[in-house]
Structure formats: C-alpha cells, structure tokens
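Residue-level structure breakdown
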Amino acid sequence: MAKTATSINQTVIETRHYLHQHPEVSDHEFETTKYITKRLEILGYRIITPKGLNTGVIAEIGSGHPVIALRSDIDALPIQETTGLSFASENKGVMHACGHDFHMASLLGAAELLADEQDSLKGTIRLVFQPAEETHVGAQEVVHAGGVNGIDAIFGFHNKPDLKAGDIGLLPGGLMAAVDQFTVTFTGVGTHAAMPQFGKDPIIALTSTVNALQTIVSRNEDPQKTAVVSVTHIDGGNTWNVLPEKAWFEGTVRTFDHDARAVAKKQFIEIVNGQAASFGVTANIEWVEGPDVVNNDAKLTKIVEDETQKHLNLVRPQPSNAGEDFAFFSQRIPSVFAFVGSNGNSDWHHSDLKLDDNGLAPAVNWYYYVAKRLLSEL
Ligand SMILES: [Zn+2]
Ligand SMILES: [Zn+2]
C-alpha cells in the first residue's frame, strides 16, 4: 500500500521530538546534518551537498526537468528551554524555539512519501535543508555553494503558532518583511554637567534624533505602505554629573517593498546627520542590510493556492514583520513561502514555546502535494 501522511504520522512526530531534543545553533548543525543525511540515504536520495557547505544537506530524487526545490531550515537558538516537555532540549542553553524541528520533520516526512513514488516522478525533487536561518546567512551560504543552481522553483514554509493546526496561510507578494539594522554613534565633547557650554552634548542629540526618526513612518513613507522604525537600545554616559563624549543607539527598520525600504534608509541618514549637525556633534552610522522581503511569485502562488485548497485548509494570513532569509532565494528564483499552523502557546523565540504535533501531517501533505503539482505544471 502506498504511504500517506497519516500512515507515516507517528514516525514524523518521533522525528520532530528527536530533533527537538538535539538542537544546534546556526552554522554548528553538525549532528543534525548527519542525522538528515542518513535518513535521506536510507530513503534512496542522492546526497549532493556541495563541498562549500559545512552544515546543511542538499539531496535529490527523480531525474530531468523540472527541478523543484523544497526547503527547510535546520538551526536552533541560544535559548534555555523552559517548556518542561518530555522531549525538551538536551543541549543546555540551546532550543528549537522557532520550530525548525517542525520544518525538518515535515520535510523528511514529505521526502518519504515522494521516495515511495520515485519511479513515477516526472522531474527532479531537490531537498534543501539549509543551515543558519536565524543569523540570516544560511540561504546565502547555500546560494554561494551552488546548492540551488539549476532549479526551476523553490518553496517552503514557516510554522505559525497563532494559526490553527491544519491551516495553510498563503498570499501573493510580500509575506515577511525586509530587515535592516542600524547602529549610530554620536561623538561630541565631554564636559562637567554643570558647565554644558564648554562641551557638545551627544545625549541631547541622541534623544532628539530618536524622536525625529519616528517621523520617517508618519511623514515620509507612503501611508498605504507598511514600515516600522524601532530604536531598541540606547547607551551613553556613566555617571550623574558628567556629560559624556559619546552616545549610542541601535535598532531596526522593517518594510515590505523596495521603495519603502529605500525611503526609510535615505531619510534615516538625513535625519541623523541633520540632527548631529544642529547639535554640533558628529554621527557615525552603520547600516546592515538583512534579508529582503519574502516575496511570493504571483503566478506560482496561484498554482500553489489551487493545489492547497484541494487537500488542506487555505487561509489568508497577516504578513509578518519578522524577517526570513528564504528571501535570498525568493529574490532569485520563482518561489512561494507559506505559513503553516502550529497552534503554539506563545510565539517564535520564546523559551516556553510548545507546538502542536497535529500540524505536522498537514505540513507533510502540503510539501508533498505542492511538489507533485509543480512537477506536472512547470
Ligand atoms: Zn527564528
Ligand atoms: Zn524560524
């Protein structure tokens, strides 16, 4: 009898629990890599992980065109787990608090169903188990190593704790935000707190700037577009009666399209430099571009939505202001990224996050049905 998501469900659940017990942080997923490789070899996959990739697994089954890639991330976070689960992390200070164990188990489940039909597959299925999603470098590592060369489409998902188990959230266009990170240092002239006229105060420049930055969203961005500017960390001075020489802050910008992203950066730089000049201090800005928008290809999303609603509960999700380094794939290759319900008790990156195993079978089915549909359609 042909295998189904139901018939292999127990194995998928046990796989997730095993992986949950053995989390590894970004770019150090050595045991996870060995485990996935072994499981895929047993299923008959060709392991084609490029030499340039220290962790992560790329594998194929089937032959010829099209080549459809299915992606899961594999890394965990430096968080001490507090769930009290029977299968809680055995690695102190490391936890699958983003549910990448859920993703891996689902993709291994789909891999098993697809391997079961390998003789009748019309084209090639490539599995991309990518490292280091949390540090936003893993997808680039895969791209640079050649791990996605020659593929026609790539799709993947992130579990979503606020969606019910069984829900599959899809929409065309931006699903997850572009992430930018900034650090600003103001340098003035330190002086006695009682004699400010002899110094150049970086603290007053900083507080004024932090307020002024809030006008980027309210006065510069198109009101029909979404943008967030958050200053999250400030530091300056170390006692009550001295005005310091330096003051510092950092934070992040989240946007959903290239125009909004460009407007935010340009205006940020103008405000910081303008404020610095007005207070007679200098500003040093470090701007780090994180992942771009996770952008779902309109044509492909239509096909994936059509297939999804034949088998599963399709829902229209809210886009998330979180970032995802799947964007490094979606900026190059036609792609679709979904949210899969995991019915969690809290949210991503929380030490008490527990996900619902009932979400696994729908996730397995989603990978499986979409893979087959794309093989027949592209
Ligand atoms: Zn995460
Ligand atoms: Zn994640």
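Scroll up for the structure.
First, a word on scope: everything that follows refers to the structure included in this document. Note that the coordinates shown come from a computational prediction; the quantities given were computed from them, not determined experimentally.

Observations regarding the overall build of the protein chain
Summing up its helical and strand segments, the protein chain has ten helices and 16 strands in all. Based on the C-alpha atoms only, the size of the protein chain along its principal axes is roughly 85 × 45 × 40 Å. Taken over 378 residues, the protein chain has a buried fraction of 55%. For the protein chain, the share of sequence-separated contacts (at least 6 apart) that also reach a separation of at least 24 residues comes to 80%. Of the roughly 16300 Å² that the protein chain leaves accessible, carbon and sulfur atoms contribute 50%. The averaged location of the 46 negative side-chain charges in the protein chain is 4 Å from the averaged location of its 29 positive side-chain charges.

A look at the coordination of the zinc ion (ligand 2)
Listed as protein donors to the zinc ion (ligand 2) are Cys98 (SG), His100 (NE2) and His158 (NE2); their distances from the metal cover 2.1 to 2.3 Å. Mapped onto the sequence, the residues coordinating the zinc ion (ligand 2) show the spacing C-x1-H-x57-H. In this structure the zinc ion (ligand 1) is found 3.1 Å away from the zinc ion (ligand 2), and Cys98 serves as a bridging donor for the pair. Under the relative-accessibility criterion, Cys98 is labelled buried at 6%. For His100, a relative accessible area of 0% gives the class buried.

Some details on the packing of aromatic side chains
Counted according to the given criterion, the structure contains 16 aromatic pairs. Taking 6.1 Å as the distance between ring centres and 75° as the angle between the ring planes, the aromatic pair formed by Phe182 and Phe249 counts as edge-to-face. Of this pair, Phe182 sits in strand β8 (residues 178-187) while Phe249 sits in strand β12 (residues 246-255), and the two are 67 residues apart along the sequence. The same class applies to Phe182 as to Phe249, namely buried.

Observations concerning the coordination of the zinc ion (ligand 1)
Around the zinc ion (ligand 1), the protein contributes the donor atoms Cys98 (SG), Glu134 (OE), Glu134 (OE) and His349 (NE2), at 2.0 to 2.5 Å from the metal centre. For the zinc ion (ligand 1), the four donor atoms in the first shell make angles of 56 to 150° at the metal, so the coordination geometry reads as irregular. All donor residues of the zinc ion (ligand 1) come from one chain, and their arrangement in sequence is C-x35-E-x214-H.

Rules used in this analysis
- All residue numbers here refer to positions counted from 1 along the written sequence of the relevant chain.
- To label them, take the chains in the order written and letter them from A, then take the ligands in the order written and number them from 1.
- Only residues with pLDDT of 70 or above have their local features reported here, since the model is predicted, and side-chain atom pairs are shown and tallied only from 80 upward, although totals for entire chains, interfaces and linings are computed over all residues.
- Working from all heavy atoms in the structure, the side-chain values ignore hydrogens and water.
- The way it works is that DSSP assigns letters per residue, a run of H or I at least four long becomes a helix, a run of E at least two long becomes a strand, and they are numbered from the N terminus.
- Only protein chains enter the accessibility calculation, which uses a 1.4 Å probe; a residue whose area is less than 20% of its type maximum is buried, one above 50% is exposed, and one in between is partly exposed.
- Working rule for contacts: check all heavy atoms of both residues, and any pair within 4.5 Å makes them a contact.
- Each accessible area value is a Shrake-Rupley result obtained with a 1.4 Å probe; residue values ignore everything except the protein chains displayed when judging cover.
- Under the counting rule used here, the positive set is Lys and Arg, the negative set is Asp and Glu, and His together with the chain ends is not counted.
- Lys charges are placed at NZ, Arg charges at CZ, Asp charges at CG and Glu charges at CD.
- Counted as coordinating are nitrogen, oxygen and sulfur atoms within 2.8 Å of the metal, or 3.2 Å for Na, K and Ca, while water is not included, which may make sites look incomplete.
- Pairing of aromatic side chains here covers Phe, Tyr and the six-membered ring of Trp, requires ring centres within 6.5 Å, and sorts the geometry by plane angle: under 30 degrees stacked, over 60 edge-to-face, intermediate tilted.
- Note on geometry labels: four donors, all angles 85 to 135 degrees, give tetrahedral; four donors become square planar and six octahedral when opposite donors are over 155 degrees apart and every other angle is between 65 and 115; remaining cases are irregular.

Keep in mind that these numbers describe shape and distance, not what the molecule does.
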